[in-house]
Each structure stands twice: as C-alpha cells, then as structure tokens.
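Now for the letters of each chain:
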Amino acid sequence: MSTRPRPSSLGPRQEIIRKIIHVVPSADFSDPSWGIIDGDGWSIEVNIGDEEECAGFAFHVRGGNGPVPVIESILNHLCLRALDAQTGEFFVGGNESQQSYQQWKDYRDRAIGNSSEAE
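An account of the accompanying structure is given in this report. Nothing here was measured: the structure is a model prediction, and the numbers come from that model.

1. Examining the packing of aromatic side chains
Here comes step 1: Inspection of the entire model under this criterion finds one aromatic pair.
Here comes step 2: Ring centres of Phe57 and Phe59 lie 5.4 Å apart, and the angle between their planes is 80°; on these two criteria the pair is classed as edge-to-face.
Here comes step 3: Sitting above the plane of the Phe90 ring, Arg81 keeps its charged end 3.7 Å from the centroid.

Pasting the structure below:
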C-alpha cells in the first residue's frame, strides 16, 4: 500500500473567504461553506467546504457570460490555478476560458432543450 502525499492547505477558510470578498465585495458567505456571487444574469456558487483549513474549493457557474472574468480575478488574487471542467485543462482566463464556458453552455442548452436566448 503506497502512501501519497497530501496536497498542502490553501490556508484558513476564513482567509480564503476574506480574499474572495476583497475581489467581489457583494459575495455572500453567510454560510461559510457555500458562498454565492450574483451578477447580471449569472451566478457563481463557491463550495468551500466545512473544514477550517481549506484544502480546495469549487466554482459552480450558471447563466450568462459575466462569470469568467470574475473567476479569473479571484484566482489571480489568491495566486491559485484551477481545472476547467469543460476541457480538463487548467483554467487560463481570457478568451480561451470564455470559449470553453460558451461551449459548455451550448452543450447544456442542447442537452436540456433550451435556447441561449432564455438566459
């Protein structure tokens, strides 16, 4: 049985929340394990977990095209990288990440039978 090294902590959960709020002052972390960032026609839910030492977190993105630059700003401020679930590659921001998000939205709309005008 091999023992794999555990990734290091990102830091205290409250510190991660503080840094996210620094970038997005309207972020709602009234539940510190699950933050909500609402924008104009989009939202990002931040699943940060129950542990006081933050080992990682996930963005759950919905809606229009506004969340990609917000995610990029948060990651840059935290000096972190993230995986883009659409591509399986690292999130790079800019046009490449915007295109990836659009491809995911197009797939979602086809899968559930919605048109992108509904957003």
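2. What to know about the environment of His22
Here comes step 1: Mapped onto the fold, His22 is located in helix 1 (residues 13-23).
Here comes step 2: Residue classification places His22 among the exposed positions, given a relative accessible area of 55%.
Here comes step 3: For the pair formed by His22 and Val68, sequence separation is 46 residues and the distance between their alpha carbons is 17 Å.

3. Some points on the packing of helix 2 (residues 67-78) against helix 3 (residues 94-112)
Here comes step 1: Running from N to C, helix 2 and helix 3 point in directions that differ by 130°, and their axes come no closer than 9 Å. Overall, the two elements helix 2 and helix 3 adopt an arrangement that is oblique. Here the hand of the crossing between helix 2 and helix 3 comes out right-handed. Residues Pro67, Val68, Pro69 and Glu72 of helix 2 touch helix 3, and the partners they reach there are Gly94, Ser97, Gln98 and Tyr101.

4. Notes on helix 3
Here comes step 1: The terminal C-alpha atoms of helix 3, which comprises 19 residues, lie 27 Å apart, in line with the 27 Å expected from a rise of 1.5 Å per residue.
Here comes step 2: Regarding helix 3, the residues found buried are Ser97, Ser100, Tyr101, Lys105, Arg108 and Asp109.
Here comes step 3: In this fold, the buried residues of helix 3 make contact with strand 5 (58-63) and helix 2.
Here comes step 4: Downstream of helix 3 by one or two residues, Gly113 has phi in the positive range, about 75°.

5. Observations concerning the packing of helix 1 against helix 2
Each pair of packed helices can be described by the angle between their axes along with the distance between the axes.
Here comes step 1: Remark: helix 1 packs on helix 2, axes separated minimally by 9 Å, with the N-to-C direction vectors making an angle of 130°. Relative to helix 2, the element helix 1 is oriented oblique. Note that helix 1 runs across helix 2; the crossing there is right-handed. Residues Ile16, Lys19, Ile20, His22 and Val23 of helix 1 touch helix 2, and the partners they reach there are Ser73, Ile74, His77 and Leu78.
Here comes step 2: Among the residues making up the contact of helix 1 with helix 2, the classes are represented as five nonpolar, three polar and one charged.

6. Overview of the pairing of strand 3 (residues 42-47)
Here comes step 1: Relative to strand 3, strand 2 (residues 34-39) is paired through six bridges, and the arrangement is antiparallel. Counted as the bridge partner of Gly39 is Trp42 from strand 3.
Here comes step 2: Linking strand 2 to strand 3, which pair antiparallel, is a turn of two residues; within it Gly41 sits at a positive phi near 85°.
Here comes step 3: Pairing geometry for strand 3 and strand 5, over six bridges, is antiparallel. Opposite Ile44, over in strand 5, you have Val61 as the bridge partner.

7. With respect to the sheet that holds strand 2
Here comes step 1: Taken together, the three strands give an open sheet; going across it, the order is 2-3-5, and neighbouring strands pair in antiparallel fashion. Each having just a single partner strand, strand 2 and strand 5 make up the two edges of the open sheet. If you compare each strand with its neighbour and ignore which way they point, the axes differ by 15° on average.

Definitions and cut-offs
- Residues numbered from 1 in each chain as written.
- Predicted model: local features only at pLDDT ≥ 70, side-chain atom pairs only at ≥ 80, totals over all residues.
- Heavy atoms only, no water.
- Phe/Tyr/Trp six-rings, centres within 6.5 Å; stacked < 30°, edge-to-face > 60°.
- Lys NZ or Arg CZ within 6 Å of the ring centre and 35° of its normal.
- Helix = DSSP H or I, 4+ residues; strand = E, 2+ residues; numbered from the N terminus.
- Buried < 20%, exposed > 50% of the residue type's maximum accessible area, 1.4 Å probe, protein only.
- Axes fitted to C-alpha atoms, helices over the stretch in contact; angles between N-to-C directions.
- Parallel < 35°, antiparallel > 145°, perpendicular 65-115°, else oblique.
- Left-handed = near helix turned anticlockwise from the far one by under 90°.
- Contact = heavy atoms within 4.5 Å.
- Expected span 1.5 Å × (residues − 1).
- Nonpolar A, V, L, I, M, F, W, Y, C, P; charged D, E, K, R; others polar.
- Pairing = 2+ DSSP bridges.

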